[in-house]
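An overview of the molecular structure
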Amino acid sequence: LKASICDIPPPGLKMSSVFVGNSTAIQEAWKRVADQFTLMFRRKAYLHWYTGEGMDEMEFTEAESNLNDLVSEYQQYQDA
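Everything quoted here is computed from the prediction, not taken from an experiment.

Some points on the layout of surface pockets
Taken as a whole, the largest pocket holds about 190 Å³ of empty space. Every residue lining the largest pocket is listed: Gln 36, Phe 37, Met 40, Phe 41, Lys 44, Ala 45, Tyr 46, Leu 47, Tyr 50 and Phe 60. Within the residue set of the lining of the largest pocket, elements represented by two or more residues are helix 1 (26-42) and helix 2 (47-52). Ranked by the residues each element gives to the lining of the largest pocket, the list is headed by helix 1, at four residues. For the lining of the largest pocket, the residue count by class is eight nonpolar, one polar and one charged.

Structure representation (structure tokens):
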């Protein structure tokens, strides 16, 4: 968790605030995205639009792998 304080507010305001949090709860959302991506990629849905613009199908396979690794990493932190 990271928190920072900036005492210079935007023009016309008295104060400003920002909070950025990181939680293992996000892994559920990543799992849903990964599942939906896998379903669409297996059917090659919309793939022709991306390959027509110069992307390689291997980039999608790599992205799927990266997303699954991210979910696994969050699961390891949750289990620790």
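So much for the structure itself; the text now carries on.
With respect to unusual backbone geometry
The backbone of Lys 44 sits at a positive phi, close to 60°, despite the residue not being glycine. By the element assignment, Lys 44 lies in the loop between helix 1 and helix 2. Classification of Lys 44 by relative accessible area gives partly exposed; the value is 44%. Even without being glycine, Tyr 46 reaches a positive phi, approximately 65°. In this structure, Tyr 46 sits in the loop between helix 1 and helix 2.

The rules we used
- Residues numbered from 1 in each chain as written.
- Predicted model: local features only at pLDDT ≥ 70, side-chain atom pairs only at ≥ 80, totals over all residues.
- Heavy atoms only, no water.
- 1 Å grid on protein atoms, 1.4 Å probe; cavity = no way out; pocket = protein on both sides within 12 Å on 5 of 7 lines; lining within 4 Å.
- Points joined across faces, edges and corners; volume = space filled by probe spheres on them.
- Helix = DSSP H or I, 4+ residues; strand = E, 2+ residues; numbered from the N terminus.
- Nonpolar A, V, L, I, M, F, W, Y, C, P; charged D, E, K, R; others polar.
- Buried < 20%, exposed > 50% of the residue type's maximum accessible area, 1.4 Å probe, protein only.

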